[in-house]
Amino acid sequence: MEDCLAKKMEITVSEAEKRTGKNAMNIQETYTAYLIETRAVESQSEGQCAPVDSLWRRYSEFELLRNYLSVTYPHIVVPPLPEKRADFVWHKLSADNMDPDFVERRRIGLENFLLRVASHPVLCQDKVFYSFLTQEGGWKDMVNETGFQLKADSRLKALNATFRVKNPDKRFTELKHYSDELQSVISHLLRVRARVADRLYGVYKVHGNYGRVFSEWSAIEKEMGDGLQSAGHHMDVYAASIDDILEEEEHYADLLKEYLFYAEALRAVCRKHELMQYDLEMAAQDLTSKKQQCEELATGTVRTFSLKGMTSKLFGQETAEQREAKIKILEEQIQEGEEQLKSKNLEGRDFVKSAWADIERFKEQKNHDLKEALISYAVLQISMCKKGIQVWTNAKECFSKM
């Protein structure tokens, strides 16, 4: 971890800017660009002020980077991007992806994504990632030169492997169930939080109504006027604080959403393992079939019914020379198949070892982050309740002095 990029470079997404331009289809569009700023840490430790390098990136470029990382490092739980469009929002928040508040939260999420990658022991060393941070032009060409799109597995192929693999690894099956449960639980938690936010907003606005009533009442009461006016002021201040409170709550909701999207990253690792296992089983099955064909040709006996066997009976047997030539070809294919199977077994073992190490790292990170987020959220709720008690205590004192 001492060699990770995050220790050597300060990385921030400091600004978001709305822009207008033409897309690949030559159609006018409005999009948001994000300013990435980087600064070397070593120069600062030596007492020098390192210059800040900056460049602009679109959200689609962040998507391209993450797709590249997911394909290039299939055994790694690649950090997710923040949502492209708002979800699990309470009624006062806008779901528009151009809304300034949403763009600001996404800016924070994109910075968090870069810091996650820069802190990862493997991903931080990727040259394409470094290029994304430091090279204004030519970055996409560098990505395309890797040919990562050709390595990407289709969803149909992944689905086929899921249903046809005969000996799935129990650990990855359990991991898939775990990721499904994690996504389900966090989704439910976010929905509940949105409903609570709606109700809480209503409660605070009721205090605003109290404030208005007390203020209007104070205008017609000479003896009680000052007390009513003061009580109304306390209610108004309390009602106005809800916007800042819910904005802070939204920060904790975004932390939960990150792990909602991490669940899909976990499933991606499981799918890759299923594909490798399916390829291994197909290679083993093909090798067994070729060995059987070779044995049948050598002994002249057919163990199972086949079209080839029926054809031989109908139209006569092959000559010894033909049979020897076929046996030789099959023996070569068997040798290649055995080497291929050995290679796939080795690749599978390496994948499992690397993937499980990264999954353990992810779980440790998740436990720490969610614990901190939920404790902070609880502290916020306690603080909010204490302020409510104080408001009514102050109002009680105002009423007592009347």
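Residues numbered from 1 in each chain as written. Predicted model: local features only at pLDDT ≥ 70, side-chain atom pairs only at ≥ 80, totals over all residues. Heavy atoms only, no water.

## Things to note about the overall build of the protein chain
Note the following rule: A run of H or I in DSSP counts as a helix once it spans at least four residues, and a run of E counts as a strand once it spans at least two, with each numbered from the N terminus. Exposed residues in this analysis have more than 50% of their type's maximum accessible area, buried residues have under 20%, and partly exposed residues fall in between, with area computed by a 1.4 Å probe over protein chains only. Contacts are assigned to residue pairs that have any heavy atoms within 4.5 Å of one another. Using a 1.4 Å probe, accessible areas were evaluated by the Shrake-Rupley method; residue-level cover was limited to the displayed protein chains.
Regarding its fold elements, the protein chain presents 13 helices and three strands. Across the 402 residues of the protein chain, 38% fall into the buried class. Of all intrachain contacts in the protein chain linking residues separated by at least 6 positions in sequence, the fraction that spans at least 24 positions is 74%. Summing over all exposed atoms, the protein chain offers an accessible surface of approximately 24,100 Å²; the carbon and sulfur share of this is 53%.

## Structural notes on the pattern of salt bridges
Put simply, the test is: When a carboxyl oxygen of Asp or Glu lies within 4 Å of a side-chain nitrogen of Lys or Arg, that pair is called a salt bridge.
According to the stated counting rule, one finds 22 salt bridges in the structure shown. In this structure, Asp 254 and Arg 105 form a salt bridge, with 2.9 Å as the shortest nitrogen-oxygen distance. Taken together, the positions of Asp 254 in helix α11 (residues 242–299) and Arg 105 in helix α4 (residues 100–119) put the pair 149 residues apart, joining distant regions of the chain. Across the salt bridge formed by Arg 116 and Asp 369, the nearest N and O atoms sit 2.7 Å from each other.

## A look at the UniProt feature "coiled-coil region" (unreviewed entry) in the protein chain
The following threshold applies: UniProt positions are given in the numbering used here, feature names are shortened, and annotations may be inferred rather than shown by experiment.
According to UniProt, the "coiled-coil region" (unreviewed entry) feature falls on residues 320–347. With 100% helix and 0% strand, residues 320–347 has end C-alpha atoms that lie 40 Å from one another.

## Quick word on empty space enclosed by the protein
As a reminder, the rule being used: Put plainly, a pocket is an open set of points on a 1 Å grid over the protein atoms alone with protein on both sides within 12 Å along at least five of seven lines, a cavity is a set where a 1.4 Å probe fits but cannot get out, and a lining residue has an atom within 4 Å of a point. Grid points are joined across faces, edges and corners, and a volume is the space filled by probe spheres set on the points.
Under the defined criterion, the tally for this structure stands at two cavities of 30 Å³ or more. Put simply, the largest cavity is a space of about 60 Å³. Lining of the largest cavity is provided by Val 165, Pro 168, Asp 169, Phe 172, Thr 173, Lys 176, Cys 270, His 273, Glu 274 and Gln 277. Looking at the lining of the largest cavity, the elements that each hand over two or more residues are α9 (170–218) and α11.

## Concerning the packing of aromatic side chains
Basically, it comes down to this: Centre distance within 6.5 Å is the pairing criterion for rings of Phe, Tyr and Trp, where only the six-membered ring of Trp is used; planes under 30 degrees apart are then read as stacked, over 60 as edge-to-face, and the remainder as tilted.
Going through the model one piece at a time under the given rule, you end up with 14 aromatic pairs. A ring pair is formed by Tyr 210 and Phe 214, whose centres lie 6.1 Å apart and whose planes are at 25°; its orientation type is stacked. Of this pair, Tyr 210 and Phe 214 both sit in helix α9, separated by four residues, roughly a single helical turn. For Tyr 210, a relative accessible area of 36% translates into the label partly exposed. Classification of Phe 214 by relative accessible area gives buried; the value is 10%.

## Comments concerning the pairing of strand β2 (residues 28–40)
Convention followed: Should DSSP find at least two bridges between two strands, the strands are regarded as paired.
In the sheet, strand β1 (residues 9–22) pairs with β2 via 13 bridges, with the strands oriented antiparallel. Within β2, the residue paired with Gly 21 across the bridge is Glu 29. Across six bridges, the pairing between β2 and strand β3 (residues 53–58) is antiparallel. Bridging across to β3, Leu 35 finds its partner in Trp 56.

## Here we look at helix α5 (residues 127–134)
We apply this condition: In the analysis that follows, any N or O atom pair within 3.5 Å is treated as a polar contact, provided that within protein one partner can donate a hydrogen and the other can accept it, and provided that, for residues neighboring in sequence, both atoms belong to side chains.
Turning to α5, its buried residues number three or more, namely Val 128, Phe 129, Ser 131, Phe 132 and Leu 133. Measuring from the backbone nitrogen of Val 128 back to the side-chain oxygen at the start of α5 gives 2.9 Å, which picks out Asp 126 as the cap.

## Describing the layout of surface pockets
Quantified by volume, the largest pocket comes out at close to 1,200 Å³. What lines the largest pocket is a set of 40 residues, and nearest its centre among them are Ser 70, Val 71, Asp 153, Ala 268 and Arg 271. Sorting the residues of the lining of the largest pocket by element identifies α3 (59–72), α7 (148–151), α8 (155–164), α11 and α13 (320–400) as the ones contributing at least two each. Looking at the lining of the largest pocket, the element that brings in the most residues is α11, giving eleven residues.

## Remarks on the packing of helix α10 (residues 225–240) against α13
Put simply, the rule reads: Here an axis means a line fitted to C-alpha atoms, over the contact stretch when the element is a helix, while the angle between two N-to-C directions is reported on a 0 to 180 degree scale. An angle below 35 degrees is read as roughly parallel, one above 145 as roughly antiparallel, one from 65 to 115 as roughly perpendicular, and any other as oblique. As a working rule, the residues Ala, Val, Leu, Ile, Met, Phe, Trp, Tyr, Cys and Pro are called nonpolar, Asp, Glu, Lys and Arg charged, and the rest polar, with Gly in that last group.
Two elements in contact, α10 and α13, have axes separated by 8 Å at closest approach and are oriented at 170°. Relative to α13, the element α10 is oriented roughly antiparallel. Touching Gly 227, Leu 228, Ser 230, Ala 231, His 234, Met 235 and Tyr 238 of α10 are Met 384, Lys 387, Gly 388, Val 391, Trp 392, Asn 394, Ala 395, Cys 398 and Phe 399, all from α13. Residue composition of the contact of α10 with α13, grouped by class: ten nonpolar, five polar and one charged.

## Points about a negative patch on the surface
The condition that has to hold: Like charges are joined within 9 Å and nonpolar side chains (Val, Leu, Ile, Met, Phe, Trp, Tyr) within 5 Å, but only among residues with over 30% relative accessible area and no salt bridge; these make up the patches. When charges are tallied, Lys and Arg are placed among the positive residues and Asp and Glu among the negative ones, while His and the ends of the chain are skipped. Lys charges are placed at NZ, Arg charges at CZ, Asp charges at CG and Glu charges at CD.
A cluster of like negative charges, contributed by Glu 321, Glu 324, Glu 331, Glu 332, Glu 336 and Glu 339, occupies part of the molecular surface. The exposure class assigned to Glu 324 is exposed, which follows from its relative accessible area of 54%.

## Some details on the packing of α11 against α13
Counted only if it meets this: For any pair of crossing helices, the crossing counts as left-handed if the nearer helix is rotated counterclockwise from the farther one by less than a right angle, and right-handed if it is rotated clockwise.
As a packed pair, α11 and α13 sit with axes 8 Å apart at the nearest point and diverge in direction by 165°. With respect to their mutual orientation, α11 and α13 come out roughly antiparallel. As for the relative orientation of α11 and α13, their crossing is left-handed in sense. A breakdown of the residues in the contact of α11 with α13 according to their chemical character gives 30 nonpolar, nine polar and 14 charged.

## Considerations on a nonpolar patch on the surface
A surface patch of nonpolar side chains, about 270 Å² in accessible area, is lined by Val 206, Tyr 210 and Trp 392. Relative to the assigned elements, Trp 392 resides in helix α13.

## Description of the nonpolar core
Keep this limit in mind: Here the nonpolar core consists of buried residues drawn from Ala, Val, Leu, Ile, Met, Phe, Trp, Tyr and Cys, with membership extended through side-chain atoms lying within 4.5 Å.
Counting 33 residues, the largest nonpolar core has Phe 62, Leu 114 and Leu 133 as the members making the most contacts within it. Secondary structure elements with two or more residues in this core: β1, β2, α3, α4, α5 and α6 (139–145).

## Things to note about the sheet that holds β2
Taking strand neighbours across the sheet as the criterion, the three strands line up as β1-β2-β3 in an open arrangement whose pairing is antiparallel. Both edges of this open sheet fall to β1 and β3, since each of them pairs with a single strand only. Across the sheet, the mean angle from the axis of one strand to that of its neighbour is 25°, orientation sign disregarded. In the packing of α3 onto the sheet, the strands contacted are β2 and β3, and the crossing angle to β3 comes to about 90°. Packed onto the sheet, α5 meets β1, β2 and β3 and runs at close to 105° relative to β3.

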